[in-house]
Amino acid sequence: MRFKLHGRGGQLELPAANWKRALELARAYGWKPEGTDPPDIRDQDDDPACDWSGWSGTYTECEYQHVRAEDAANLADALELALLDIPQRSVIERDAPGVFSGVRGVSVPREENPIEWFHRPARRAELVRLMGFCRTGGFEIG
């Protein structure tokens, strides 16, 4: 599953694992989610197409819910703080995973925390793109 974020910054598409870990990382660095606004889906008479009175404010569904500009900026601020603590992998670690895991050449799969998850170069770059996207204002999660 992929999350497609739509806003003034264009569109940014993220794998679900990266999006969810980015939210977890931001929370760990002080982001206090305001909650999303429900989608503004209207019928042909321009009336709300659904009753959103029980809307949960989720960030982890693809319902075209809206993240407000201030919330997006706060998310970017927290991710920026986190980025300072995310080490960049050395060439050896990147090209020979598991060499230093205790048994030479054997990598033991385990759940990575968000800091470990985003220290891979491609994921780190994606986190930087997400920060830039959030700085452009509010967006929809679709």
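Since we're looking at a predicted model, the values are computed, not measured.

Undergrad: Give me the lowdown on the environment of Ala 69, citing residues and values where you can.
TA: Tracing the chain through its elements places Ala 69 in helix 2 (residues 69-85). The exposure class assigned to Ala 69 is partly exposed, which follows from its relative accessible area of 43%. C-alpha of Ala 69 to C-alpha of Gly 137: the two residues are 68 residues apart in sequence and 4.4 Å apart in space. The contacts of Ala 69, once residues within four sequence positions are left out, are Gly 137 and Gly 138.

Undergrad: Outline the sheet that holds strand 1 (residues 2-7), listing residues and values.
TA: Strands belonging to one sheet form pairs held by backbone hydrogen bonds; the direction of such a pair is parallel or antiparallel. Taking strand neighbours across the sheet as the criterion, the 4 strands line up as 2-1-4-3 in an open arrangement whose pairing is antiparallel. Among the strands making up the open sheet, the edge pair consists of strand 2 (10-15) and strand 3 (65-67). Recorded for the sheet is a direction-independent mean angle of 25 degrees between the axes of neighbouring strands. Lying on the sheet, helix 1 (residues 16-28) is in contact with strand 1, strand 2 and strand 4 (139-141); it crosses strand 2 at an angle near 95 degrees. Most of the contacts of helix 5 (residues 121-134) go to strand 2, to which it runs at about 145 degrees, and overall it touches strand 1, strand 2 and strand 4.

Cut-offs applied
Residues numbered from 1 in each chain as written. Predicted model: local features only at pLDDT ≥ 70, side-chain atom pairs only at ≥ 80, totals over all residues. Heavy atoms only, no water. Helix = DSSP H or I, 4+ residues; strand = E, 2+ residues; numbered from the N terminus. Buried < 20%, exposed > 50% of the residue type's maximum accessible area, 1.4 Å probe, protein only. Contact = heavy atoms within 4.5 Å. Pairing = 2+ DSSP bridges. Axes fitted to C-alpha atoms, helices over the stretch in contact; angles between N-to-C directions.

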